[in-house]
Amino acid sequence: MERPNIWVTRIKTIALGGGARIISSLSNVIISFIIIRIYSASLWGEFVSYLLILDFGFSFVSWGSTPFLIREFSLHPNKIRIDWGGSFYSRSLLLGVLVLTLLFTPITFYIKIWLIAWSCLRFVYQSFEPIAQTERHFIFTFFVELVSIGIIVIPVLSLKNINLSTLLILFTFGMAFKATAFLLLYRKYIGKPAIQLKFFKHAFPFLLLTFSAMLQQRIDLYSVAYFLSNSDLATYQVFLNFLIFSQFTASLLLSPYSKNIFRLNKLSFLKLERSFILAGLWFSALSVLAIFICIQNFYHFSLSWKMYLMGYGYILMFYVYLLRNYELGKLYKQTKAAVFSFLAGIVTLIGSLFLTPRFGLEGALFAGLLAQLFLAFLYHQKYILTNAKS
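Source: prediction; values computed, not measured. (Residues numbered from 1 in each chain as written. Predicted model: local features only at pLDDT ≥ 70, side-chain atom pairs only at ≥ 80, totals over all residues. Heavy atoms only, no water.)

Enquirer: Before we go on, may I ask you to explain the side chain of Thr-235 in this structure?
Expert: With respect to the helices and strands, Thr-235 occurs in helix 9 (residues 230-254). Among residues more than four places away in sequence, those in contact with Thr-235 are Phe-301, Leu-303 and Leu-361. (Helix = DSSP H or I, 4+ residues; strand = E, 2+ residues; numbered from the N terminus. Contact = heavy atoms within 4.5 Å.)

Enquirer: Hey, could you run me through helix 7 (residues 164-185) in this one?
Expert: What sets the pattern is the α-helix's 3.6 residues per turn: residues three or four places apart point alike. For helix 7, spanning 22 residues, the distance from its first C-alpha to its last is 32 Å, which sits close to the expected 32 Å at 1.5 Å a residue. In this structure Asn-163 caps helix 7, since a side-chain oxygen of it lies 3.2 Å from the backbone nitrogen of Ser-165. (Expected span 1.5 Å × (residues − 1). Polar contact = N/O pair within 3.5 Å; in protein donor to acceptor, adjacent residues only side chain to side chain.)

Enquirer: Teacher, can you tell me more about the environment of Trp-84 here?
Expert: In this structure, Trp-84 sits in helix 4 (residues 80-103). C-alpha of Trp-84 to C-alpha of Ile-131: the two residues are 47 residues apart in sequence and 8.4 Å apart in space.

Enquirer: Explain the pattern of salt bridges here, please?
Expert: Pairs can form between side chains of opposite charge once their charged atoms are near each other. Evaluated as defined, the whole model comprises three salt bridges. Of the charged contacts in the structure, one is a salt bridge between Arg-122 and Asp-55, with a shortest N-O distance of 3.0 Å. Of this pair, Arg-122 sits in helix 5 (residues 109-135) while Asp-55 is found in helix 2 (residues 41-61), placing the two residues 67 residues apart along the sequence. In this structure Asp-55 comes out as partly exposed when scored by relative accessible area, which is 28%. (Salt bridge = Lys/Arg side-chain N within 4 Å of Asp/Glu carboxyl O. Buried < 20%, exposed > 50% of the residue type's maximum accessible area, 1.4 Å probe, protein only.)

Enquirer: Even after reading the chapter, I still don't get unusual backbone geometry, so can you show me in this structure?
Expert: Glycine aside, negative phi is the norm for most residues, and most peptide bonds take the trans geometry. With a phi angle near 50°, Trp-63 is a residue other than glycine that sits in the positive phi range. Position of Trp-63 among the secondary structure elements: in the loop between helix 2 and helix 3 (65-75). Within the chain, His-300 stands out as a residue other than glycine whose phi angle is a positive 60°. Following the sequence through the fold, His-300 ends up in the loop between helix 11 (266-299) and helix 12 (305-330).

Enquirer: What is the right way to look at helix 3 in this model?
Expert: Along helix 3, the residues classified as buried are Ser-65, Phe-68, Leu-69, Glu-72 and Phe-73. Down the axis of helix 3, the sector holding all buried residues measures 130°, keeping them to one side. Opposite the buried face of helix 3, at more than 90 degrees from it, the exposed residues are Ser-74 and Leu-75. Where the residues of helix 3 are buried, they touch helix 4, helix 5 and helix 8 (198-227). (Arc of directions from axis to C-beta.)

Enquirer: Where do I start with the packing of helix 3 against helix 8 in this structure?
Expert: How two helices pack is summed up by the angle between their axes together with the distance between the axes. Interhelical geometry of helix 3 versus helix 8 gives an angle of 120° and a closest axis separation of 8 Å. One finds that helix 3 runs oblique with respect to helix 8. The handedness of the crossing between helix 3 and helix 8 is right-handed. Across the interface between the two elements, Ser-65, Pro-67, Phe-68 and Arg-71 of helix 3 pack against Phe-199, His-202, Ala-203, Phe-206 and Thr-210 of helix 8. Within the contact of helix 3 with helix 8, the residues separate by chemical class into five nonpolar, three polar and one charged. (Axes fitted to C-alpha atoms, helices over the stretch in contact; angles between N-to-C directions. Parallel < 35°, antiparallel > 145°, perpendicular 65-115°, else oblique. Left-handed = near helix turned anticlockwise from the far one by under 90°. Nonpolar A, V, L, I, M, F, W, Y, C, P; charged D, E, K, R; others polar.)

Taken by themselves, the reported measurements are silent on function.
Rendered as C-alpha cells:
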C-alpha cells in the first residue's frame, strides 16, 4: 500500500516544482502582453534593452551558484549554511563590480539608481533560490512569484500613463517583495560574513555551463537590440520567450524520469530517444500552433510564415539533443556540454552579426536556428565517435 503513496508524493512534488518554475518563466510573458496591448511594443522594447544589460551582468554575478549549490547541498547537507555563506559573500564582490559598472554607464542618473537597486535586490533573491529548491518550498515560491507579478501588473492596469522610469520602479518593488520574503524565511542561513575565494574555482564549471547557455539562447536577442528598433526588439523578445518556454516544457516531460534515464543501457536509451524525437515532431507543431494563436490574437504581431517554420525547427532540435545532454551528465562530462553550448553561441553570434542587419527578425531567428542545428550535430557526432572508439 505504500507504493502508490510514494508515487503520489513524487508526482505532487514534480507538479509543485514545475508550477513554481512555470510561473517564474511566464512572468515576463504576462507583463509584456499587458504593456504591449495597453501601451506600446516600443515601450516594452525600451525596457527590455535595460533588462538585457542586467541579465548579461548577472550571468557573471551568479557565477553558476544555483546549480553548484544544489549539488553541494545534496552531497553535504550538514554544510548548507557554510556553503551558502561562502557563495553569497564571495559573489558580493562581483555585485560590487556590476554596481560600479552601472555607475559609469552612459545613462541618466535616475535610471542608474533604480537599476542598481534592482540589481542588489535581485542578488539577494537569487542567492536564496538554491535553498528554496533544496527545501522544496515550491508553494511558497509560487506565491511569492504571483504576488510580485501583481505588484507590477495592478499599477500598470490602474495608472493612466506608464513610462520607462515607472516600469523600472515597479519591477524594483516587485523584486523587493521577493527578496524580502526569501530573506525573512531563510534568515537562519545568514552567518558571519566570510569570503571564500575557493568558491570561484569550484563553481567555475557551472559558470561556463550557465554562461554558454545564455550566450547560445540570447545572443540573437542582443543583436536585435543593437541593430533594430525597440518595437522589433519587443516582438522578437516575446517570440523568442515562447520558443524557449516550449523547450522548457519539453524538459518537463523527461524530468519525472531523469533517475531512470541515467540507468538505461545503450539499446534502451536509443529506443527512448527515438520515441522522444517522434513525440517532438508533434509537440513542436502544437507548440508553434499555440504560439501563432497567442501572437496573432493577443499580441497582434504580424510575423511571416518563415518565422513560424524556423520556430518549429528551433523547438524540434531541442527534442533531438536533450537526451544526449542527460548522457553527458551521466558520464560527469558537464564541461563538454558547456563547450558544445559555447560553440553554438559563437555560431549564433557570427550569424546574428551578418544576418540581422540584412534580414531583420528573420535573420536573427535563422542565426538562432543554425545554432540549434549545430548543437544537435555536436551531441550526435560526439555520441557516434564515442561508440566508435569503444
